[in-house]
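# Coordinate inspection notes
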Amino acid sequence: MTTTIDAVRDVLIETLELQQSPEELTSETPLFGSLPELDSFGVVALVGALEDRFDITIDDDEFGADLFETISTLTEFVDSKRSA
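Below is a summary of the structure that appears in this document. (Residues numbered from 1 in each chain as written. Predicted model: local features only at pLDDT ≥ 70, side-chain atom pairs only at ≥ 80, totals over all residues. Heavy atoms only, no water.)

## Structural notes on helix H2 (residues 40–54)
Note the threshold: Only DSSP runs of H or I reaching four residues or more are called helices, and only runs of E reaching two or more are called strands; each is numbered from the N terminus. Here, expected helix span is obtained from the residue count minus one, scaled by 1.5 Å. Here a residue-residue contact requires only that any non-hydrogen atoms of the pair lie within 4.5 Å. Definition of a polar contact: a pair of N or O atoms within 3.5 Å, with one able to donate and the other able to accept a hydrogen when the atoms are protein atoms, and with sequence-neighbouring residues admitted only if both atoms are side-chain atoms.
Counted at 1.5 Å a residue, the expected span for H2 with its 15 residues is 21 Å, and the 21 Å between its end C-alpha atoms agrees. Looking at the buried residues of H2, the elements they touch are helix H1 (4–16) and helix H3 (71–83). Between the side-chain oxygen of the N-cap and the backbone nitrogen of phenylalanine 41 there are 3.2 Å, and the N-cap of H2 in question is aspartate 39. Aspartate 55 sits one or two residues past H2 and shows a positive phi near 55°.

This is how it looks when you write it as structure tokens:
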């Protein structure tokens, strides 16, 4: 069974075409401001990919830099949306 963090890492790698392996992306890996691929276009693509992968809806007022601070903050957000 795939955990949420594993699935989030997979979505990040696929959507942003990252060269890192899933194992290199830890829960504390910084995202926004640290990954050049995660620019404004990358955020839009990533939000769409997360919505598709997890069957959730992310409203415009729900995402900001704090959501994309680390893989952990993003995973916690996805988990909270899935349980809502």
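## Side note on a negative patch on the surface
Stated formally: Every patch collects residues that have over 30% relative accessible area and no salt bridge, joining them within 9 Å if they carry like charges and within 5 Å if they are nonpolar side chains (Val, Leu, Ile, Met, Phe, Trp, Tyr). Every accessible area reported is derived by Shrake-Rupley at a probe size of 1.4 Å, with residue values counting cover from the shown protein chains alone. The salt bridge definition used is simple: a Lys or Arg side-chain nitrogen within 4 Å of an Asp or Glu carboxyl oxygen. Residues counted as positive are Lys and Arg, residues counted as negative are Asp and Glu, and His and the chain ends are not counted. A single reference atom marks each charge: NZ on Lys, CZ on Arg, CG on Asp, CD on Glu. Relative accessibility decides the category of a residue: with a 1.4 Å probe and only protein chains considered, values under 20% of the type maximum give buried, values over 50% give exposed, and everything between is partly exposed.
A cluster of acidic residues, Glu28, Asp66, Glu69, Glu76 and Asp79, forms a negative patch on the protein surface. Along the chain, aspartate 79 falls in helix H3. Residue classification places aspartate 79 among the partly exposed positions, given a relative accessible area of 35%.

## Observations concerning unusual backbone geometry
In most cases, non-glycine residues show a negative phi, while peptide bonds are predominantly trans. With a phi close to 55°, glutamate 17 is a non-glycine residue in the positive phi region. Tracing the backbone shows glutamate 17 in the loop between H1 and H2. With relative accessibility at 61%, the residue glutamate 17 sits in the exposed group. Not every positive phi belongs to a glycine, and aspartate 55 is a case in point at roughly 55°. For aspartate 55, the location among the structural elements is in the loop between H2 and H3.

## Quick word on the packing of aromatic side chains
The criterion, for reference: Here is the rule: rings of Phe, Tyr and Trp (six-membered ring for Trp) pair when centre to centre is within 6.5 Å. Planes less than 30 degrees apart are stacked, more than 60 are edge-to-face, and the remainder are tilted. The rule is short: NZ of Lys or CZ of Arg within 6 Å of the ring centre and within 35 degrees of the ring normal puts a charge over the ring.
Scanning the entire structure with this criterion turns up 0 aromatic pairs. Positioned over the ring face of phenylalanine 54 is arginine 53, at 5.1 Å from the centre of the ring.

## Concerning the nonpolar core
Looking at soluble globular proteins, one finds that nonpolar side chains tend to be buried together. What counts here: Residues grouped as a nonpolar core are buried Ala, Val, Leu, Ile, Met, Phe, Trp, Tyr and Cys residues, joined through side-chain atoms within 4.5 Å.
Formed by 25 residues in total, the largest nonpolar core has its most connected members in Leu12, Leu38, Leu46, Leu50, Phe68 and Leu74. Elements with a contribution of two residues or more to this core: H1, H2 and H3.

## Remarks on the side chain of threonine 75
Structurally, the position occupied by threonine 75 is in helix H3. Of the residues examined, threonine 75 reaches a relative accessible area of 9% and is grouped as buried. What threonine 75 contacts, discounting residues up to four positions off in sequence, is Thr4, Ile5 and Val8.

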